[in-house]
Structure formats: structure tokens, C-alpha cells
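Listed here are the chains, written in short residue letters.
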Amino acid sequence: MSTHFTRRSLIRGITAATAAASLATGLAACGGNSDAATSTDSAKSGEVVIGQVSNGAAKQTSIKVSEVKSIRAELPAALKKNGKLEIGIGALPAGFPPLAYVGSDQKTLTGAEPDLGRLVAAVLGLKPEVKNSTWENLFVGIDSGKVDVAFSNVTDTEERKKKYEFASYRQDNLAFVVPKKSTWNFDDNYENLAGKTVSVSSGTNQEKILLEWKAKLAKEGKKLTVKYFQDSNSVYLALSSGKIDAYLGPNPGIAYHNGQVANTPNATRTAGTYSGAGASLQGLIAATAKKDSGLAKPLADAINYLIKNGQYAEWLKAYNLSNEAVAKSEVNPPGLPLDNS
């Protein structure tokens, strides 16, 4: 998201209506899985070019990064022999800018998530091969071994640790988006949702949090109405027409959308943020591999190498995500609790 076992979407990063329609057109023909046009080549050996054909989501940047033999040595033997890192992205059908979507050339999978996967692959001395799928098939791909690791806005949860292992790389923050003219703010208080109609993507951790607030309000004799829509265009049309008061989704996509529509009649703004793991824990987004695959530690070590040497900061800055930086990557850090994961 995302964040999200049972659904195709995080609504995760939603563009302006015209941009989303364009991206959806590029993705719709791809079906449930797509291996085509998902790799971008570095300008030259020892460099990874991020933000390519990003349609304004990022500043294209060439980042110098080379193989670190001591970290590569930690990889399972089969992966070293194969020489490729199969990176799973759950961005079908419509993508979620700025994190993962088809770029302005209508064929290349771009975004912060696949670009971080490419940086990590460079540290590991592996050729990145990015595989795009629906959200459900992302986890099927990990389970079946079709992909080695997912970089797809996956939230670290205790429930998911039953099947997967994690290397954290970004804070998981949610945000409420409202029309710019709206005076409503969340103010870190669920009681401010009383009487409101809010949209959320089903099967996501943000839905779980929102439904928990709805139940609390119901016990207080107050009503929160939750509505669902099939795609990002429908969400934002409902927001601009007043059918919903707010949408709760991942912070990166909402921040991107706000920028895209800033000078239009349908301008939006962020009306508050919240940790994706709830009030007592900072949620974390993590690289996700099959449990006991032996990948979590080398992935975390590769990310920490990028943090220590500045490439991680360059990557975040290019996508305007510096406010979601982590100090270090951790292997299986505390995740969203079982009672809310």
C-alpha cells in the first residue's frame, strides 16, 4: 500500500484524474501479471538511474552504486548462481504513483518501489528483473518462488510474519485527503470522524484502522460512514462532488496527488496523518520475502549500505519522500499487532 493481503490496491498513490486515466490505459492491457517493459537499464555500469519516465513524480537522478561483495556473500547459493533478483510489484491494474506505475512512455514500470529494488540489486551484484502483477498475485508470486522479494509498499505486520520475512526501508504513514476548501482536520483524534463519510480501500491496514474507529464511535452513539470505490478516479470524483468528506490512504500517494491538482478547481490537501501501525507503533514498509528464504538479512544489509553511503537519501529526495526515512533497516522489526493486522 498499502498494507493489504486481500485486495488489488492500496489506493496507494492516486494521481489527478487525467494522469490516472492515462496510466490505467497503459496498464489495463497487461492482465494479471506482466513481465514486459518492467526493467530500466542503468546509464552505465556502477550507476542506477531512478525516476525515469516518471511523469513528474520524481527528478530523474543517476545514483552511483556498486556491488558489495561481503553483502553478496550472504545471499543463498541458488540466488547467487542465478545472478538475478526477481522483484515483485503489485501495481496492476492502475498503479499507485509515486511508488509504482507505468511511466510516461506507457510501457516502463517506474516509481520509488521498483527503483529501490534496482538499487538493492546493484549492491547485491544481481541483475534486477521487475515483475508487475495484481496485489493478490504479488503474494502468490512470493509463495511460489516466481519472485524473490516484493518492493511494493507492503506493511510489516505480525500476521504476515507467519509466512514472510521483512527488511524495513520506509515509514508507513497514512493520510486523510480532503478538498482544499474543506475546513475539516483529523487532528490525531478519531472522534473528529463522527458524522463524516470516509472512503478507504478494502483489505488494507488503513481499512482495519478506520473500521476500528467506526466501532468505537458506534459505542459512543456516533456514526462514521465508510464507502468503497473500485478505482482512484471514482474516489476523487466522489470527493470533489461531496459524496465523501475524506479519503484515508497511504501518505505518499496522497502527497503526490495534492501536488498534481494544486492549481486546478479540484485541488486537495492533507487533513492529517497517522501511523499505519496505529497509535502505539510507527508502521514500517518492508522488503518482503518468503519466510526462511535467507533473504531478509542481506536485503537489510544492502539497504543499510545505501543509507550509510547516501544513495538512500538521494532516492527519497528524488521522490519527495524524505519525511518517511528510517534511520536503519531492520530484520523483522515489530509490526502491526495481531489484533489489527
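Definitions and limits used
Residues numbered from 1 in each chain as written. Predicted model: local features only at pLDDT ≥ 70, side-chain atom pairs only at ≥ 80, totals over all residues. Heavy atoms only, no water. Helix = DSSP H or I, 4+ residues; strand = E, 2+ residues; numbered from the N terminus. Buried < 20%, exposed > 50% of the residue type's maximum accessible area, 1.4 Å probe, protein only. Areas by Shrake-Rupley, 256 points an atom, 1.4 Å probe, with all protein chains shown as cover. Phe/Tyr/Trp six-rings, centres within 6.5 Å; stacked < 30°, edge-to-face > 60°. Lys NZ or Arg CZ within 6 Å of the ring centre and 35° of its normal. Polar contact = N/O pair within 3.5 Å; in protein donor to acceptor, adjacent residues only side chain to side chain. Contact = heavy atoms within 4.5 Å. Pairing = 2+ DSSP bridges. Axes fitted to C-alpha atoms, helices over the stretch in contact; angles between N-to-C directions. Salt bridge = Lys/Arg side-chain N within 4 Å of Asp/Glu carboxyl O. pLDDT = per-residue confidence, 0-100. Core = buried A, V, L, I, M, F, W, Y, C linked by side-chain atoms within 4.5 Å.

## Comments concerning the overall build of the protein
Inference 1: When helices and strands are counted, the protein shows 10 helices and 15 strands.
Inference 2: The buried share among the 341 residues of the protein stands at 56%.
Inference 3: For the protein, the accessible area works out to roughly 13,600 Å², and carbon and sulfur atoms hold 49% of it.

## Regarding the packing of aromatic side chains
Inference 1: Counting across every chain of the model gives 11 aromatic pairs.
Inference 2: Ring geometry for Phe-176 and Trp-184: centres 5.5 Å apart, planes at 80°, overall edge-to-face. Each member of the pair, Phe-176 as well as Trp-184, carries the same accessibility label: buried.
Inference 3: Pairing Phe-176 with Phe-186 gives two aromatic rings, centres 4.7 Å apart and planes at 35°, and the pair type is tilted. Taken as a pair, Phe-176 in strand S10 (residues 173-179) and Phe-186 in the loop between S10 and strand S11 (197-199) lie far apart in primary sequence, 10 residues in all. Like Phe-176, the residue Phe-186 is buried in the burial classification.
Inference 4: By way of ring pairs, the aromatic residues Phe-176, Trp-184, Phe-186, Trp-213 and Tyr-274 are connected into one cluster.
Inference 5: One cation-aromatic arrangement involves Lys-216 over Tyr-190; the distance from NZ or CZ to the ring centre is 5.4 Å.

## What to know about the side chain of Glu-324
Inference 1: As for its placement among the helices and strands, Glu-324 is situated in the segment after helix H10 (311-318).
Inference 2: One polar contact links Glu-324 to Arg-170, side chain to side chain, over a distance of 2.6 Å.
Inference 3: Apart from residues no more than four positions distant in its own chain, Glu-324 is found in contact with Arg-170, Gln-171, Asn-173, Asn-251, Pro-252 and Tyr-312.

## Here's the deal with the sheet that holds S10
Inference 1: Spatial strand order, S12-S11-S13-S10-S14: 5 strands in an open sheet with mixed pairing. Every interior strand has two partners, whereas the edge strands, strand S12 (225-227) and strand S14 (268-275), have only one. Adjacent strand axes in the sheet meet at a mean angle of 30°, parallel and antiparallel pairs treated alike.
Inference 2: With 6 bridges joining them, S10 and S14 adopt antiparallel strand pairing. Among the inter-strand pairings, Val-178 is bridged to a residue of S14, identified as Arg-269.

## Considering the environment of Asn-153
Inference 1: Here Asn-153 lies in the loop between strand S8 (149-150) and strand S9 (164-171).
Inference 2: In this structure Asn-153 comes out as buried when scored by relative accessible area, which is 1%.
Inference 3: C-alpha of Asn-153 to C-alpha of Ile-89: the two residues are 64 residues apart in sequence and 8.8 Å apart in space.
Inference 4: Polar side-chain contacts of Asn-153 include one of 2.7 Å to the side chain of Arg-170.

## Quick look at the pattern of salt bridges
Inference 1: Per the counting criterion, the structure on display carries 15 salt bridges.
Inference 2: Put simply, Glu-86 and Lys-131 hold a salt bridge, and the shortest N to O gap is 3.7 Å. Placement of the pair is Glu-86 in strand S4 (residues 84-92) and Lys-131 in strand S7 (residues 127-134), with a sequence separation of 45 residues. In this structure, Glu-86 and Lys-131 share a single accessibility class: buried.
Inference 3: One salt bridge connects Glu-220 with Lys-222, and the closest N-O pair in it is separated by 3.5 Å.
Inference 4: Taken together, the salt bridges that share partners define one network made up of Lys-84, Glu-86, Glu-129 and Lys-131.

## Details of the confidence of the model for the protein
Inference 1: Mean pLDDT over the protein: 87, with 86% of residues reaching 70 or higher.
Inference 2: Contacts from residues 35-43, a stretch scored under 50 in pLDDT, to residues over four places away or in other chains number 24 contacts.

## Comments concerning the nonpolar core
Inference 1: With 48 residues, the main nonpolar core has Leu-119, Val-120, Leu-124, Phe-151, Leu-299 and Trp-315 as its most contacted residues.
Inference 2: Of all the secondary-structure elements, those providing two or more residues to this core are strand S2 (47-50), S4, helix H4 (112-124), S9, strand S15 (284-290), helix H9 (296-308) and H10.
Inference 3: A total of 8 residues in this core trace back to one element, the largest contributor, which is H4.
Inference 4: With sequence-adjacent residues up to four places away left out, Val-120 is seen in contact with Phe-151, Leu-299, Ala-302, Ile-303 and Leu-306.
Inference 5: One finds Trp-184, Leu-217, Val-226 and Ala-271 within the second-largest nonpolar core, a separate group that totals 19 residues.

## Here's the deal with unusual backbone geometry
Inference 1: With an omega of 10°, the peptide bond running from Leu-92 to Pro-93 counts as cis.
Inference 2: Following Pro-97, the chain continues into Pro-98 via a peptide bond in cis, with omega recorded as 5°.
Inference 3: Considering the arrangement of structural elements, one finds Pro-98 in the loop between S4 and strand S5 (101-102).
Inference 4: Positive phi values are uncommon outside glycine, yet Asp-188 reaches one of about 55°.
Inference 5: In this fold, Asp-188 is placed in the loop between S10 and S11.
Inference 6: Judged by its relative accessible area of 57%, Asp-188 is exposed.
Inference 7: Despite not being glycine, Asp-292 shows a phi value in the positive range, around 65°.
Inference 8: Structurally, Asp-292 is set in the loop between S15 and H9.

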